[in-house]
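Structural overview
Below are the chains, spelled out letter by letter.
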Amino acid sequence: MKKKWISLLLVTLLFLSGCRSAVPVNTTDFTSVPDNAATNQKTASSAQLPEEYRAMWISYLELKGFAGMDEAVFRQSAAQMLQNCVNMGLNAVVVQVRPFGDALYNSQIFPQSHIVATTQGNPIGYDPLLIFIEEGHARNLKVEAWVNPYRIQLSSTQPAILSAQNPAVLHPEWTLQANGGLYYDPALPEVHQLVVDGVKEIVSNYDVDGIHFDDYFYPTTDQAFDRDSYAKFSNGTPLDEWRRNNVNLLIQQVYKTIKEIKPNVRFGISPQGNNGNNYNQQYSDVCLWLKEPGYVDYIMPQLYWGFDYLTASQRTDYQFAGLCKQWADYPRHESVQLYIGLGAWRIGEGDGGSNDQAEWSSGSNLAKMVESLRQTGCNGFALYRYGSLYSSAYPELAAAETAALSQLLHSTV
């Protein structure tokens, strides 16, 4: 009886608070699902794009294989990558251009990334982003620039050396440490301006079709992480609310800046599929961004669980189709599109559920997911990530998934 009363209370609280979930977070693996996660059933906007968004994430994990290439070889490699996307039936790529407070483009603000330069700040003699734009647009692919706003170092070795001209080196007072990594302090006005200036530089100087953030905002829930900034700037606002306000302000500033320069350039964010983690761990009020104009043009949650996913206690909350519906049911402004991030990296590996993992060895799971998200009213999808399909540890499975998805997309142009 007590469990039933608690469940009823949780559902009531969720209903009253929109989609602000009181779900406990998992601090080790964002793909795991807390056992008391709840769903929200709200009515979403039916706004549609004339063309389905079909994208591929191209991350620094792919691009680090380009390190040391000269311009001709880089261009040839990028062109082949993009042609594979076209052949599959995709119409967009999301290319990571600032993974570690750096730049995979010519920047006056951030140093050249070690991903292609081997050592951060070393000149390479060409412009990776420009090449992706030129080769992508030549193939009628939209090209979005993917930026990580706060991360400087994931660990002491990634990257191992920061350029002397890195803003984090020039302004160490802007940085904080968490979990062995180095991050910009999300509370500082100087950091907001740095991120905004970086986005402004890209949008002003490149013919990008969009700016894209992923799910990495606050790197920790540790109260000591930003204790000094909290004491200085919070005015007594509760810590979690204050942190969310910091992120909200940045998102608004980025959106406004983009639209002032090029109104047709879109701004999108790909949060975690577990929206409780977004709200409580990343301090990202995704539901606010969905329902209010002036934050984003699209939201693309990362739904990296399968149709058959079961938690350790056999709960079904986070099965793919149901989770799609949960996101589609959140209140959404007509100007905001909803896409779904699909976990191509699960092929052959499984999603960690307590259920049988056969669907991830079927050779057609991604295609079935696209069919399912269409039925839910979502406007498109992106595949994470390129290497999971074209450099897979399970090449036969990846080839089968690619073929099934290609057949579906070419039959529904």
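Residues numbered from 1 in each chain as written. Predicted model: local features only at pLDDT ≥ 70, side-chain atom pairs only at ≥ 80, totals over all residues. Heavy atoms only, no water.

**A few points about the confidence of the model for the protein**
Caution applies to low-pLDDT regions: their predicted coordinates should not be interpreted in detail. This is how the line gets drawn: Known as pLDDT, the predictor's confidence for each residue is given on a scale from 0 to 100. Contacts are assigned to residue pairs with any non-hydrogen atoms lying within 4.5 Å of each other.
In the predicted model, the protein carries a mean pLDDT of 90, and 88% of its residues have values of at least 70. Counted against residues more than four places away or in other chains, residues 1-18, with its pLDDT under 50, gives 10 contacts. Every residue in residues 21-49 scores below 50 in pLDDT, and together they form 90 contacts with partners more than four places removed in sequence or on other chains.

**Brief notes about the environment of E190**
Keep this limit in mind: Each helix is a run of DSSP H or I of at least 4 residues and each strand a run of E of at least 2, with the numbering of both proceeding from the N terminus.
Mapped onto the elements of the fold, E190 is located in helix α7 (residues 189-205). Sequence separation of E190 and W174 is 16 residues, and the distance between their C-alpha atoms is 7.5 Å.

**Quick word on the packing of helix α3 (residues 71-88) against helix α5 (residues 128-138)**
Going by this rule: Here an angle of 0 to 180 degrees is reported between the N-to-C directions of two axes, which are lines fitted to C-alpha atoms, with helices fitted over the stretch in contact. Just so you know how the angles are binned, under 35 degrees is roughly parallel, over 145 roughly antiparallel, 65 to 115 roughly perpendicular, and the rest oblique. In this scheme the handedness of a crossing depends on how the near helix is turned from the far one: anticlockwise by less than a right angle means left-handed, clockwise means right-handed. The residue classification treats Ala, Val, Leu, Ile, Met, Phe, Trp, Tyr, Cys and Pro as nonpolar and Asp, Glu, Lys and Arg as charged. All others, Gly included, are polar.
Running from N to C, α3 and α5 cross one another at 45°; their axes reach a closest spacing of 9 Å. Looking at the two axes, α3 sits oblique to α5. The two elements α3 and α5 meet at a crossing, and its hand is right-handed. From α3, E71, F74, R75, A78, A79, M81 and L82 reach across to α5, where they touch P128, I131, F132, E134, E135 and G136. In terms of residue class, the contact of α3 with α5 is built from 8 nonpolar, 1 polar and 4 charged.

**Remarks on the packing of aromatic side chains**
Formally: In summary, the pairing rule links any two rings of Phe, Tyr or Trp, Trp by its six-membered ring, whose centres are within 6.5 Å, and it sorts them by plane angle into stacked for under 30 degrees, edge-to-face for over 60 and tilted for everything else. Buried, partly exposed and exposed residues are distinguished by accessible area as a fraction of the type maximum, computed with a 1.4 Å probe on protein chains only: under 20%, between the cut-offs, and over 50%, respectively.
As enumerated under the stated definition, the model contains 23 aromatic pairs in all. Geometrically, the ring pair formed by Y304 and W345 is edge-to-face, given 5.7 Å between the ring centres and 85° between the ring planes. A residue pair is termed long-range when its members are at least 10 positions apart, and Y304 in the loop between β10 (302-303) and α12 (320-329) and W345 in the loop between β12 (340-343) and α13 (365-376) qualify at 41 residues. Of the residues examined, W345 reaches a relative accessible area of 32% and is grouped as partly exposed.

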